[in-house]
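Letter by letter, the chains look like this.
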Amino acid sequence: MTVGEGSAGSANPEQADADGYSAPTYSDAGSADPAGRRVRLGRDRQRPARVLARPVSASDVTVTRAVLARSSYLSRLLAHKVISASEADGARESGLSALIWNQVMSYAADAMVTVALAGTVFFSAPSEAQRGNVLLYLLMTMAPFAVIAPVIGPALDRVQHGRRWVMAGTALGRAALAVVMALHFTDLLVLFPAALGSLVLSKAYAVIRSSAAPRLVPANLTLVEANARLSIFGLAAALLGGGLVGVAIKVTGSYAFGLLITAVAFTMTGISALRLPRIVDALPASLRYKGDLRAARAARRRPRGLVARLLAWARRGFDPPVIVALQGESTLRWLAGFLTLFLAFYIESVSHGWQAVASLGALGAASGIGNFVGTGIGTRLRLARPDLIILLCTSAAAAGCLAAAVLFSFPLAIAAMLVSAVANSLSKLSMDAIIQRDVAESLRSSAFGRSETFLQLAWVLGATIALLLPAGNGRLGFLVAAGVLIIVSVTMGLHERALRVHRLRAQQQT
């Protein structure tokens, strides 16, 4: 074979395609292929072509680098926007942004515990035992509030200049309990008490955080906006934290490993709490005067008689506007528990297979999206009258349930769930703002503890009523919900009108 023949044969594209390899290239400065291009022939012209993988070209490297650079830029841009949002409107100068990031870590770690323990709780039972298991779960959710309301709340009222240490203590306590759960994950006698203890400390953290937040609100933000900003960051952190530990458990196959990651997150939360601004621990000016201290002690005096004591305990520090707001938000929380359980069992009774999975997914999405939308509305609007917001939210939820009852269909039921979730989220922000505004700081922690207890009771009551109704009658469930909300909305409207008239008369007299 001559040099020309070898060169021509090597450059034949049909031959290259036939065996799947590119044609061999020889080195010789004086030879040319049939197209006239110079081809160099090497010393060993008869050496067969080597089987090579597709070479990495310069263009591939450039594209990869471009993708990595773009991803890095977008990540840094997102982080910058998130940090800027947490520090906007004077939140950095007032210290609110530090509290936001502390709550981010706490919410993320709480979600990690929930995901890590999800495989141990009540949802793998057969269908005939599910209602009993759910009732047991509802009772378990009330257990922490038996400690929060009568014990921890009043104790936190007395901690006016050590709140950073209390917040850090709740986080470090949850870290220790996470380690205990990781080491005894298969021992239910250890696991469940530790889980309940973690939930108690989580609620105690929420109470002390809500009580301390007004000290860090900048002048150009309302309490509703500040609470909404705290909540929106907390919800996003819960999603990320739960997803992170879920991936870790999926990769390692170890729930104990997920709990150990959670312990690290709680430890970081405790360290962050100690670095909050000192104003969180500062004794408020209103408590530096003996007259206010005497008034606070008088508010704690117990009347005689069991019923009178219970009523006095429930109303202690609550002015009439706070009571009306708590009635509205308790009704919306009742609706949340009712619709969650009622629609879940309704779906189980009328759907099967992938249709049931998709329906349950739509129910969960409606609840989650509604919470985000309601919290987002709170961050964007300057809600100067939170009491009116609660009344409007209750009325909107009543209208949604009434429409779903009259024109019942599953899409309308999901839409009613979405409306109720938005209303519940926005109303909770407004109620927190009313407590922070109207309740004396010497009683604020116990006020938040009692309000959270009442709201949890309302949720459990709604869920229990949902379990007692026939699961397959969707129209009946929404008729019950609409009736309750309409009655409460009318009652709240009358109370709001009476309070407004009373305020106008008081202003005219002064």
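Values in this document were obtained by computation on a predicted structure and should not be read as measured data. (Residues numbered from 1 in each chain as written. Predicted model: local features only at pLDDT ≥ 70, side-chain atom pairs only at ≥ 80, totals over all residues. Heavy atoms only, no water.)

Participant: Break down the overall build of the chain for me, with residues and values.
Facilitator: Looking only at helices and strands, the chain has 19 helices and 2 strands in total. Every one of the 510 residues in the chain was classed for burial, and the buried ones make up 43%. Taken as a whole, the chain presents about 26,600 Å² of accessible surface, with 65% of it coming from carbon and sulfur. (Helix = DSSP H or I, 4+ residues; strand = E, 2+ residues; numbered from the N terminus. Buried < 20%, exposed > 50% of the residue type's maximum accessible area, 1.4 Å probe, protein only. Areas by Shrake-Rupley, 256 points an atom, 1.4 Å probe, with all protein chains shown as cover.)

Participant: Outline the pattern of salt bridges, supporting the account with residue identities and numerical values.
Facilitator: Across all of its chains, the model carries 5 salt bridges by this definition. Linking R174 and D110 is a salt bridge whose minimum nitrogen-to-oxygen distance equals 3.0 Å. Residue R174 is found in helix α8 (residues 163-183), and its partner D110 is found in helix α5 (residues 96-117); the two are separated by 64 residues along the sequence. Residue class for R174 comes out buried when judged on its relative accessible area of 0%. Classification of D110 by relative accessible area gives buried; the value is 18%. Close ionic contact of D432 with K428 constitutes a salt bridge, the shortest N to O distance being 2.8 Å. With D432 and K428 both in helix α17 (residues 410-438), this residue pair falls 4 residues apart, about one helical turn. Considered together, D432 and K428 belong to a single accessibility category, that of buried residues. Each of the salt bridges in this network shares a partner with another, and the network as a whole consists of K428, D432 and E452. (Salt bridge = Lys/Arg side-chain N within 4 Å of Asp/Glu carboxyl O.)

Participant: An account of the environment of H184 is needed here, citing residue identities and associated values.
Facilitator: Residue position: H184 is located in the loop between α8 and α9 (188-212). As for H184 and A256, which are separated by 72 residues in sequence, their C-alpha atoms are 8.5 Å apart. In contact with H184, other than residues within four places in its own chain, are V190 and L191. (Contact = heavy atoms within 4.5 Å.)

Participant: Explain the packing of helix α15 (residues 353-380) against α17 residue by residue, including any values.
Facilitator: At their nearest, the axes of α15 and α17 sit 7 Å apart, and the two run at 35° to each other. Relative to α17, α15 is oriented so that their crossing is right-handed. Classifying every residue of the contact of α15 with α17 by side-chain character gives 14 nonpolar, 8 polar and no charged. (Axes fitted to C-alpha atoms, helices over the stretch in contact; angles between N-to-C directions. Left-handed = near helix turned anticlockwise from the far one by under 90°. Nonpolar A, V, L, I, M, F, W, Y, C, P; charged D, E, K, R; others polar.)

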